[in-house]
Amino acid sequence: LLGAWSDRVRDRRVFVLAAVPLLALGMLGLFHPPEDAVLHAAWLAALLVVTYLGFSTASISYQAWGAQLSDDVHERTRISAAREVFTLVGVVFAAAAPQFLGGENAEGLGRFAIIFAGLLVVCAAVTLLAAPRPAAVPRSREPLARTLAQPFGNAGFRWLLGVFMLSGIAAAIPSTLVLFFIADVIGAEQYAGLFLVVYFLAGAAGIPVWVYAARRIGKRNAWLLGMALSVAAFVWAWRLGAGDVAPYAVICALSGLALGADLALPPSILADVIERGARDGRRNEGSYFGVWNLVTKANLAIAAGVALPLLAALGYVPGAGGEPRALSLIYCLLPCAFKLASAALLWASPIERAAPLPRAERRPA
């Protein structure tokens, strides 16, 4: 709904602007709860709604804005790549900052929320005032239901969404279980933050490589290569055990390099798919990215809903020993199976097999 509504205004930056106070106030409230413990549960629920409403409103319109900035297929990849590099920088900062602000306790997280709100206002101001404006499009007058349905009428999007969902579940399962794996299999809980930093920094460093590969061999083939690297690097985690800190760090670095392909290429391919599915001159990018973000969140829920019950059924109990090989099985081999299924679907799909639209048929940027 947020995406479809953003398609019904001439300038979707309005949605980004409206989201800033929601996100800032939500984060501030989230980490500054009332002293009355009776209110904590209700406060947490309410502030999570405010925070994620602000985040979703901003991110969906922001991503759709990026898809509007260029009609050049390679420029789209550079735009999405730049966005994801800065996203990873933000992730690393968010992971490290609380430690320097008093630790991951109430005081450290409270200070972090204050800094976050200030950074949000500054970065939003720079983005809204200095970034290229999204292309002006006629305000949609069609029924909201038709706007919402447009993405699913696009065959290319249906294929891409299936690939993206399988690939996303493959990434979400290790994200759900990584701290368990580091603590109970590697036995190096004290290095968990370092492993994550290596992973994300390698992802940021690898993004320019995938931008170059996409130009040379095409986005689809570059993404397939990234999937192959992901499986080839990560499958070895199955063999790791207690004390294998250095081998796991290498796996984190190589998997991070592959992560760059998953971050930079799918949104760029999506922008191409949206262009081909335009109807009456309207692309309705917000509707597409609304569904895209819904699936991104659903992937995390599906991963947790599949992985955690499986681990419980296999006898694994976090922190209590049990069956560490079961954890390795679900943490490593199950994601590899999902990633291979994703690659097979992408290989079979018609995505990017057709030539790009001639420049004359494209909407001016």
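The structure we're discussing is the one just above.
It should be emphasised that the depicted structure is a prediction, and the values quoted were computed from it without experimental measurement.

**Thoughts on the side chain of arginine 13**
And step 1. Of note, arginine 13 is situated in helix H2 (residues 13-30).
And step 2. Accessibility expressed as a relative area gives 15% for arginine 13, which makes it buried.
And step 3. Here the side chain of arginine 13 touches leucine 128 through a polar contact of 3.1 Å, landing on its backbone oxygen.
And step 4. Those residues in contact with arginine 13 that sit more than four places away from it in its chain are Trp65, Leu128, Arg133 and Pro134.

**Overview of the packing of aromatic side chains**
And step 1. Within this structure, the stated rule accounts for 12 aromatic pairs.
And step 2. Each ring, one from phenylalanine 181 and one from tyrosine 248, has its centre 5.5 Å from the other, and the planes form 40 degrees; the classification is tilted. Remark: tyrosine 248 occurs in helix H10 (residues 245-276) and phenylalanine 181 occurs in helix H7 (residues 155-186); sequence separation between them is 67 residues. The burial state of phenylalanine 181 is the same as that of tyrosine 248; both residues are buried.
And step 3. Between phenylalanine 195 and tyrosine 248 the ring centres are 4.8 Å apart and the planes differ by 85 degrees, which places this aromatic pair in the edge-to-face class. With phenylalanine 195 in helix H8 (residues 192-217) and tyrosine 248 in helix H10, the pair connects residues that are 53 residues apart, well separated along the chain.

**Thoughts on the nonpolar core**
And step 1. Core analysis: the biggest nonpolar cluster contains 31 residues, and Phe157, Leu160, Trp223, Leu270, Phe289, Trp292 and Leu346 have the highest contact counts within it.
And step 2. Put simply, the parts of the chain that give this core at least two residues each are helix H3 (40-68), H7, H8, helix H9 (219-234), H10, helix H11 (285-313) and helix H12 (324-348).
And step 3. A total of 7 residues in this core trace back to one element, the largest contributor, which is H10.
And step 4. Once you skip the residues sitting within four places of it in the chain, tryptophan 223 turns out to touch Leu160, Val163, Phe164, Ser167, Ala261, Asp262, Leu265, Pro266, Ile269 and Leu346.

**Some points on a nonpolar patch on the surface**
And step 1. Where nonpolar side chains cluster on the molecular surface, the patch consists of Leu44, Leu48, Tyr52 and Phe55 and spans about 370 Å² of accessible area.
And step 2. Mapped onto the elements of the fold, phenylalanine 55 is located in helix H3.

**Details of the packing of H9 against H10**
And step 1. Between H9 and H10, the shortest axis-to-axis distance is 8 Å and the interhelical angle comes to 155 degrees. On the basis of their axis angle, the class for H9 and H10 is roughly antiparallel. Handedness of the crossing formed by H9 with H10: left-handed. Contact with H9, carried on its side by Lys219, Arg220, Ala222, Trp223, Gly226, Leu229, Ser230, Ala233 and Phe234, involves Ile251, Leu254, Ser255, Leu257, Ala258, Ala261, Asp262, Leu265, Pro266, Ser268, Ile269 and Asp272 of H10 and no other residues of that element.
And step 2. Taken together, the residues of the contact of H9 with H10 sort by class into 13 nonpolar, 4 polar and 4 charged.

**Observations concerning the pattern of salt bridges**
And step 1. Overall, the coordinates contain 14 salt bridges when judged by the stated rule.
And step 2. Between arginine 13 and aspartate 11 there is a salt bridge, and its shortest N-O distance comes to 2.9 Å. An identical accessibility class is assigned to arginine 13 and aspartate 11; each is buried.
And step 3. Measuring nitrogen to oxygen at the nearest pair gives 3.8 Å for the salt bridge that ties arginine 283 to glutamate 275.
And step 4. Note on arginine 283: relative accessible area 5%, which makes it buried.

What counts and how
Residues numbered from 1 in each chain as written. Predicted model: local features only at pLDDT ≥ 70, side-chain atom pairs only at ≥ 80, totals over all residues. Heavy atoms only, no water. Helix = DSSP H or I, 4+ residues; strand = E, 2+ residues; numbered from the N terminus. Buried < 20%, exposed > 50% of the residue type's maximum accessible area, 1.4 Å probe, protein only. Polar contact = N/O pair within 3.5 Å; in protein donor to acceptor, adjacent residues only side chain to side chain. Contact = heavy atoms within 4.5 Å. Phe/Tyr/Trp six-rings, centres within 6.5 Å; stacked < 30°, edge-to-face > 60°. Core = buried A, V, L, I, M, F, W, Y, C linked by side-chain atoms within 4.5 Å. Patch = residues over 30% accessible without salt bridge, like charges linked within 9 Å, V, L, I, M, F, W, Y side chains within 5 Å. Areas by Shrake-Rupley, 256 points an atom, 1.4 Å probe, with all protein chains shown as cover. Salt bridge = Lys/Arg side-chain N within 4 Å of Asp/Glu carboxyl O. Axes fitted to C-alpha atoms, helices over the stretch in contact; angles between N-to-C directions. Parallel < 35°, antiparallel > 145°, perpendicular 65-115°, else oblique. Left-handed = near helix turned anticlockwise from the far one by under 90°. Nonpolar A, V, L, I, M, F, W, Y, C, P; charged D, E, K, R; others polar.

So, to be careful, I would describe these as geometric facts and stop short of saying anything about function.
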